[in-house]
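Results of the structural survey
The residues making up each chain are set out below.
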Amino acid sequence: MSHELRTPLNAILGFTQLMQLDSSLKRSQKEKLEIINRSGEHLLSLINDVLDLS
């Protein structure tokens, strides 16, 4: 189960991190990517905690 949850989430996090390196992005776009990345990291942390409990 962990593989099915973590793999897509890691892909999302990876792509948002790559996109943040684009110097042509506007500030609002970078802020939105930061929100996506922060939320994804939080979700990954929650998933890890749930899997540790099981």
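Structure shown above.
A brief look at the structure comes next. (Residues numbered from 1 in each chain as written. Predicted model: local features only at pLDDT ≥ 70, side-chain atom pairs only at ≥ 80, totals over all residues. Heavy atoms only, no water.)

Now for helix H1 (residues 2–20). Between its first and last C-alpha atoms H1 spans 27 Å; for 19 residues at 1.5 Å apiece the expected length is 27 Å, and the two agree. Regarding H1, the residues found buried are Leu9, Leu13 and Thr16. Down the axis of H1, the sector holding all buried residues measures 60 degrees, keeping them to one side. Those residues of H1 that are exposed and aimed more than 90 degrees away from the buried face are His3, Glu4, Phe15 and Leu18. Taken together, the buried residues of H1 touch helix H2 (27–53). (Helix = DSSP H or I, 4+ residues; strand = E, 2+ residues; numbered from the N terminus. Expected span 1.5 Å × (residues − 1). Buried < 20%, exposed > 50% of the residue type's maximum accessible area, 1.4 Å probe, protein only. Arc of directions from axis to C-beta. Contact = heavy atoms within 4.5 Å.)

Time to look at the side chain of Asn37. Following the sequence through the fold, Asn37 ends up in helix H2. Residue classification places Asn37 among the buried residues on the basis of a relative accessible area of 14%. Filtering out sequence-adjacent residues up to four positions away, Asn37 remains in contact with Leu13, Thr16, Gln17 and Gln20.

Mapped onto the elements, Thr16 comes out in helix H1. Taking the relative accessible area as the measure of exposure, Thr16 reaches 4% and is therefore buried. Here Leu13 takes part through its backbone oxygen, which lies 2.8 Å from a polar atom of the side chain of Thr16. Look past the residues within four positions of Thr16 in its chain and what remains in contact with it is Leu33, Ile36 and Asn37. (Polar contact = N/O pair within 3.5 Å; in protein donor to acceptor, adjacent residues only side chain to side chain.)

You can see Glu31 is positioned in helix H2. Judged by its relative accessible area of 42%, Glu31 falls in the partly exposed class. Sequence-wise, Glu31 and Gln20 are 11 residues apart; in three dimensions their C-alpha atoms are separated by 9.3 Å.

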